[in-house]
Amino acid sequence: MKLLVKIFGTLISLGAGWLGAKLVSGVWHKAIGEEPPSLANPEKQQQAAVGKVLAFAVISGASASAIQAMAKRWTRSLEAKAANR
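Visitor: Is there a simple way to explain the pattern of salt bridges in this structure?
Guide: Should the charged atoms of two oppositely charged side chains come close, the side chains can pair. Overall, the coordinates contain two salt bridges when judged by the stated rule. In this structure, lysine 44 engages glutamate 34 in a salt bridge whose closest nitrogen and oxygen atoms are separated by 3.5 Å. Of this pair, lysine 44 sits in helix H2 (residues 42-47) while glutamate 34 is found in the loop between helix H1 (2-32) and H2, placing the two residues ten residues apart along the sequence. Connected through shared salt-bridge partners, Glu34, Lys44 and Lys52 make up one network.

Printed below as a string of structure tokens:
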């Protein structure tokens, strides 16, 4: 059961990370009006001003850290519930 919870937690973390990246890219696109300067858009990253690249890196890094922390907390709570059963 514990292995199943860990696998499920890993899948949730991956899904949350993907969703978070899409959310940050979407918000960036709506706020700035152009594609984000990310690794997914290497041409845009090379053309963008250094300030925009740094701003996107800070925003996406902060959101990734928050998502990771929330997913880990949720996974730990699932592990604790599974251990009590």
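Visitor: Hey, could you run me through the layout of surface pockets in this one?
Guide: Over the atoms rolls a probe the size of a water molecule, and its path tells where empty space is left. Considered as a void within the structure, the largest pocket measures approximately 430 Å³ in volume. The wall of the largest pocket is formed by 25 residues, among which Ala21, Ser25, Ser38, Phe56 and Ser60 lie closest to the centre.

Visitor: Just to check I follow, could you spell out a nonpolar patch on the surface for this structure?
Guide: Judged by side-chain polarity, Leu3, Ile7, Leu11 and Leu14 come together as a nonpolar surface patch covering roughly 430 Å² of accessible area. The topology assignment puts leucine 14 in helix H1. Looking at leucine 14, the relative accessible area reads 59%, which means it is exposed.

Basis of the calculations
- Residues numbered from 1 in each chain as written.
- Predicted model: local features only at pLDDT ≥ 70, side-chain atom pairs only at ≥ 80, totals over all residues.
- Heavy atoms only, no water.
- Salt bridge = Lys/Arg side-chain N within 4 Å of Asp/Glu carboxyl O.
- Helix = DSSP H or I, 4+ residues; strand = E, 2+ residues; numbered from the N terminus.
- 1 Å grid on protein atoms, 1.4 Å probe; cavity = no way out; pocket = protein on both sides within 12 Å on 5 of 7 lines; lining within 4 Å.
- Points joined across faces, edges and corners; volume = space filled by probe spheres on them.
- Patch = residues over 30% accessible without salt bridge, like charges linked within 9 Å, V, L, I, M, F, W, Y side chains within 5 Å.
- Areas by Shrake-Rupley, 256 points an atom, 1.4 Å probe, with all protein chains shown as cover.
- Buried < 20%, exposed > 50% of the residue type's maximum accessible area, 1.4 Å probe, protein only.

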